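Residue strings, one per chain:
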Amino acid sequence: MSIESAFVAISRLASGSETTYNLDPTLFPDGGLRPGELIEISGESNCGKSLLCHELIARIILPTNCGGLELGAVLIDCESSYSKATLLNIMEKHILNQAEPTLARTLDDPRQLERIQQAALKRLHLIFCYSLEQFEFSLLALPSLFVKHPEVTFVLIDSIATFYWTKCTAKNLIRQDTYQRAHCKTLSRLACKWKKVVLLTKPTHFASRQGSWRDFETTGSIAVGLLDAGGGSTQSSVSGYLPSSIGTPAVSSLIDHRIELCEMDNPSPSRPATGASADVDDQRFNAFVTMGDKRQYVRFYLIDKFGFNWLEA
Amino acid sequence: MAATRLSADLHPLLTEYVIKKLQKNRLTTVYSFVKVEVEQLIRITNLPAESIVLVKNQLTDQFAGQYRSGQAHTTEPTVRLSTGIYPVDTLLQGGLIPGHIYEFCGESGSGKTLLCMTIVANVVLQRSTAYYIDTKCDFSGRKMQQILDRGQRKLTEQELGHTMARIKVERIFSPEQLVQVVEELATGKHLTDGTDLKLLVIDSLPSLWYLYQDSQNSVEPLGLLTKLICSLRKLATQHAVAIVLVNLAVRMIEGMAGSTAEAKRKLCPNGNYPALGRYWESAPGTRLLLEREDDHPETITCSVMVWKSNNLRSGERTIVRMTDAGVR
């Protein structure tokens, strides 16, 4: 546990939010997330943001005797990325790896595994949004869902950037960071009032200092962007280790913790031969975590059929 | 997508009279109505509090995203749609997944259209319907007939006629029209006439969005791309349709002014990246890269590689041949 000043300790106790949720010991090794917090998961395309949501959902809904929190979760899926098959695989992995000894003995029976999975899935609530309007109304519908299902503690949104270009029209221009900030404010209010933890995903470049000038291109030439044209920061990226998605200060203040997923450049040899999948190197990724107290650390992972495969440091 | 306006047919308690009063107070959309405090609405409409709360709750339920309990949600169908091409089926671990969005990306002439036509041929031979949206007038009935004729089994003239009738071809020349057609399909109106739609092919996207090449800002094309992908996702998941999109792979132009390390986009091994910009990169669930190989002078071969995918390993490759009877 980190040492905190007396002032911080007293204000923490006074606020009454002693509950912390130990969501994932790999990502948050020093314990918990507090109700009311917002966590942002950002990353390039195909780095595993949606997959990480599945991993975290599994940890939330699985029973405590399988290493889970046995709590409820809501997933607002704007990108049709929810896959029940993937979630079942991930849950199987967690159950088999982390079952307590008394439970582990019963796992020879495949129906036992299924029973645990089905019971866990009862704690998952899915909302599929195919338009900005559906998304906005879904946020309004959350309070009544919280009342109906009080065990729901986590809200995951994949992703917060999906409907931006619906909102930003020629008649109603709005910057990406303004758009994100508006949603984060609503979510923060919701999270604090109802004592929930909110996780949201977004592409790295969204609402970042890079600007949106490469969002639409027909050829390799530069398309004249509308918002934040050019102006990329000169921060050098050392094979993807350093985070590049730091938003403008306005959004940053609303986000409590940040996870940035990044693919690592593989020094791959000559092009792999036809059909010889053994030649394809496993793609390595890193997760750069920035906690609210400014602590930062890196974790490495591979992606396989069972989800995230965290590599020992 | 404009926010839905308030109208009398939304709810029995929202009469024309009530709506006029709301409009006088500048509440014209359903969303603005639902966001406003109950007390204020009582003042404006003179309706009792219980009625207002009831209307608000019912409208919220109606307009919010579709709710499913994790347990009740059914798993994706395990029966895949075979492409009819053995190497491609192997690469895709069985075939196309109904409900998934695929993109075939490649340079001009790399065989994307032929691959799409071969897959369509196979789908209709299995007695399902396929929709082919043609933006470049590349679809040739004669070519399709040739592919069907050289297939596994010889078809009678009548069978051939029925099979070709299961291919619905539509020529579309503007992005707005495309979005409209997809939105209509997503509402499921094709189900009313008993069409067993299993596959939708859009060939190709850049030819429509190139209309925006010289425009000063990207807001409109991106807005349309958002609408398109959202409607495609709705069509795919709600009606278990596999979707195949065709896109171009463009070359990076060297020495772009102001391109910093972060602004660079992820390149595929041969130095290309998908057209339509960074926003579209993450739109399809699986992106396959087609590359023409010049190794064999007698037969035309192409390599098909997984560029990115939610459920396939990136980098997996296979080789196919381009023949008169389609792709083998």
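Residues numbered from 1 in each chain as written. Chains lettered and ligands numbered in written order. Predicted model: local features only at pLDDT ≥ 70, side-chain atom pairs only at ≥ 80, totals over all residues. Heavy atoms only, no water.

As annotated in an unreviewed UniProt entry, chain B carries the name RecA family profile 1 domain-containing protein and comes from Anopheles minimus. Quoted straight from UniProt, the Sequence similarities (unreviewed entry) entry for chain B says "Belongs to the RecA family. RAD51 subfamily." Quoted verbatim from the Subcellular location (unreviewed entry) heading of the UniProt record, the comment on chain B is "Nucleus". (UniProt positions renumbered as here; feature names shortened; annotations may be inferred.)

Chain A is annotated in an unreviewed UniProt entry as Rad51-like C-terminal domain-containing protein of Anopheles minimus.

## Here we look at the overall build of chain B
Each helix and strand in chain B was counted, giving 12 helices and 11 strands. On the principal axes, the C-alpha backbone points of chain B span a range of 80 × 60 × 40 Å. Per-residue burial over chain B gives 54% buried out of 328 residues. Considering only intrachain contacts with a sequence separation of at least 6, the fraction spanning at least 24 residues in chain B is 64%. Of the roughly 15100 Å² of accessible surface on chain B, 50% is carried by carbon and sulfur atoms. In chain B, the 38 positive side-chain charges and the 34 negative ones have mean positions that sit 3 Å from each other. (Helix = DSSP H or I, 4+ residues; strand = E, 2+ residues; numbered from the N terminus. Buried < 20%, exposed > 50% of the residue type's maximum accessible area, 1.4 Å probe, protein only. Contact = heavy atoms within 4.5 Å. Areas by Shrake-Rupley, 256 points an atom, 1.4 Å probe, with all protein chains shown as cover. Lys, Arg positive; Asp, Glu negative; His and termini not counted. Charge placed at Lys NZ, Arg CZ, Asp CG, Glu CD.)

## Things to note about the confidence of the model for chain A
Residue and element names in this part refer to chain A. Scored by pLDDT, chain A comes out at a mean of 81, with 77% of its residues at no less than 70. Here residues 220-245 is a poorly scored stretch, pLDDT under 50, and it has 61 contacts once near neighbours within four places are set aside; other chains count. Throughout residues 270-279 the model reports pLDDT below 50, and contacts reaching past four residues in sequence, or to other chains, amount to 11 contacts. (pLDDT = per-residue confidence, 0-100.)

## Focus: the environment of asparagine 46 of chain A
Residues and elements named next belong to chain A. Following the sequence through the fold, asparagine 46 ends up in the loop between strand E1 (38-43) and helix H2 (49-61). A relative accessible area of 21% means that asparagine 46 is categorised as partly exposed. The spatial distance from the C-alpha of asparagine 46 to the C-alpha of leucine 261 is 9.7 Å, given a sequence separation of 215 residues.

## As for the sheet that holds strand E8 (residues 296-304) of chain A
Read across the open sheet, the 10 strands follow the order E9(A)-E8(A)-E7(A)-E6(A)-E1(A)-E5(A)-E4(A)-E2(A)-E3(A)-E1(B); overall the sheet is mixed. In this open sheet, the two edge strands, each paired with only one partner strand, are strand E9 (307-311) of chain A together with strand E1 (66-69) of chain B. For this sheet, the mean inter-axis angle between neighbouring strands, taken without regard to orientation, is 20°. Looking at chain direction, E8 of chain A and E9 of chain A are connected through five bridges and run antiparallel. By the bridge assignment for E9 of chain A, tyrosine 301 of chain A is matched with tryptophan 310 of chain A. (Pairing = 2+ DSSP bridges. Axes fitted to C-alpha atoms, helices over the stretch in contact; angles between N-to-C directions.)

## A word on the packing of helix H9 (residues 175-186) of chain B against helix H11 (residues 219-239) of chain B
All names here are of chain B. Their axes nearest at 9 Å, the elements H9 and H11 cross at an angle of 20°. In terms of axis orientation, H9 runs roughly parallel to H11. The crossing of H9 and H11 is left-handed. Contact residues: Pro175, Glu176, Leu178, Val179, Val182, Glu183, Leu185 and Ala186 in H9; Glu220, Leu224, Lys227, Leu228, Ser231, Leu232, Lys234, Leu235, Gln238 and His239 in H11. Counted by class, the contact of H9 with H11 contains 10 nonpolar, three polar and five charged residues. (Parallel < 35°, antiparallel > 145°, perpendicular 65-115°, else oblique. Left-handed = near helix turned anticlockwise from the far one by under 90°. Nonpolar A, V, L, I, M, F, W, Y, C, P; charged D, E, K, R; others polar.)

## Overview of the pairing of E8 of chain A
A regular strand places its side chains so that they alternate between the two faces of the sheet. Residue and element names in this part refer to chain A. The pairing of strand E7 (residues 284-290) with E8 spans seven bridges and is classified as antiparallel. Bridging across to E8, phenylalanine 285 finds its partner in tyrosine 301. Adjacent in sequence and paired antiparallel, E7 and E8 are bridged by five residues, among which lysine 294 carries a positive phi angle near 75°.

## Observations concerning the environment of arginine 68 of chain B
The residue arginine 68 of chain B is located in strand E1 in this model. Taking the relative accessible area as the measure of exposure, arginine 68 of chain B reaches 33% and is therefore partly exposed.

## Considering the nonpolar core
Ranked by size, the top nonpolar core spans 68 residues in total, and within it Ile76 of chain A together with Leu178, Leu200, Trp209 and Leu232 of chain B carry the most contacts. A total of 10 residues in this core trace back to one element, the largest contributor, which is H11 of chain B. Membership of the second largest hydrophobic core comes to 52 residues, among which are Ile57, Ile116, Phe154 and Leu199 of chain A. (Core = buried A, V, L, I, M, F, W, Y, C linked by side-chain atoms within 4.5 Å.)

## A closer look at unusual backbone geometry
At the junction of aspartate 158 of chain A and serine 159 of chain A, the peptide bond is cis and its omega measures out at -10° in the coordinates. Position of serine 159 of chain A relative to the elements: it lies in the loop between strand E4 (152-158) and helix H7 (164-167). Omega for the bond connecting aspartate 203 of chain B with serine 204 of chain B falls within 30 degrees of zero, at 0°, which places this linkage in the cis form. Position of serine 204 of chain B among the secondary structure elements: in the loop between strand E5 (197-203) and helix H10 (206-209). The phi dihedral of cysteine 137 of chain B falls on the positive side, at around 55°, and the residue is not glycine. Among the structural elements, cysteine 137 of chain B can be located in the loop between strand E3 (129-134) and helix H7 (141-149). For cysteine 137 of chain B, a relative accessible area of 45% gives the class partly exposed.

## Describing the environment of tryptophan 209 of chain B
All names here are of chain B. Its place among the elements puts tryptophan 209 in helix H10. For the pair tryptophan 209 and phenylalanine 173, spaced 36 residues apart in sequence, the C-alpha to C-alpha distance is 9.9 Å. A distance of 3.1 Å separates the side chain of tryptophan 209 from the backbone oxygen of proline 221, its partner in a polar contact. (Polar contact = N/O pair within 3.5 Å; in protein donor to acceptor, adjacent residues only side chain to side chain.)

## So, the packing of aromatic side chains
All names here are of chain A. Under the counting rule described, the total for this entry stands at 14 aromatic pairs over all chains. Aromatic pair phenylalanine 146 and tryptophan 194: ring centres 5.8 Å apart, planes at 50°, arrangement tilted. In this pair, phenylalanine 146 sits in helix H6 (residues 132-148) while tryptophan 194 sits in helix H8 (residues 176-194), placing the two residues 48 residues apart along the sequence. You can call tryptophan 194 partly exposed: its relative accessible area is 27%. (Phe/Tyr/Trp six-rings, centres within 6.5 Å; stacked < 30°, edge-to-face > 60°.)

## Thoughts on the packing of H6 of chain A against H8 of chain A
All names here are of chain A. Closest axis-to-axis distance for the H6/H8 pair is 11 Å, and the angle between their directions is 10°. Between H6 and H8, the crossing angle belongs to the class labelled roughly parallel. Within the contact between the two elements, H6 uses Leu132, Phe135, Leu139, Leu142, Pro143, Phe146 and Val147 and H8 uses Tyr179, His183, Leu187, Leu190 and Trp194. Classifying every residue of the contact of H6 with H8 by side-chain character gives 11 nonpolar, one polar and no charged.

## Quick look at helix H5 (residues 110-121) of chain A
Between its first and last C-alpha, H5 of chain A extends 17 Å over 12 residues, near the 16 Å set by a 1.5 Å rise per residue. Within the span of H5 of chain A, buried status applies to Gln112, Leu113, Ile116, Gln117, Ala120 and Leu121 of chain A. Those residues of H5 of chain A that are buried lie in contact with H2, helix H3 (84-98), helix H4 (101-104) and strand E3 (124-128) of chain A together with E1 of chain B. (Expected span 1.5 Å × (residues − 1).)

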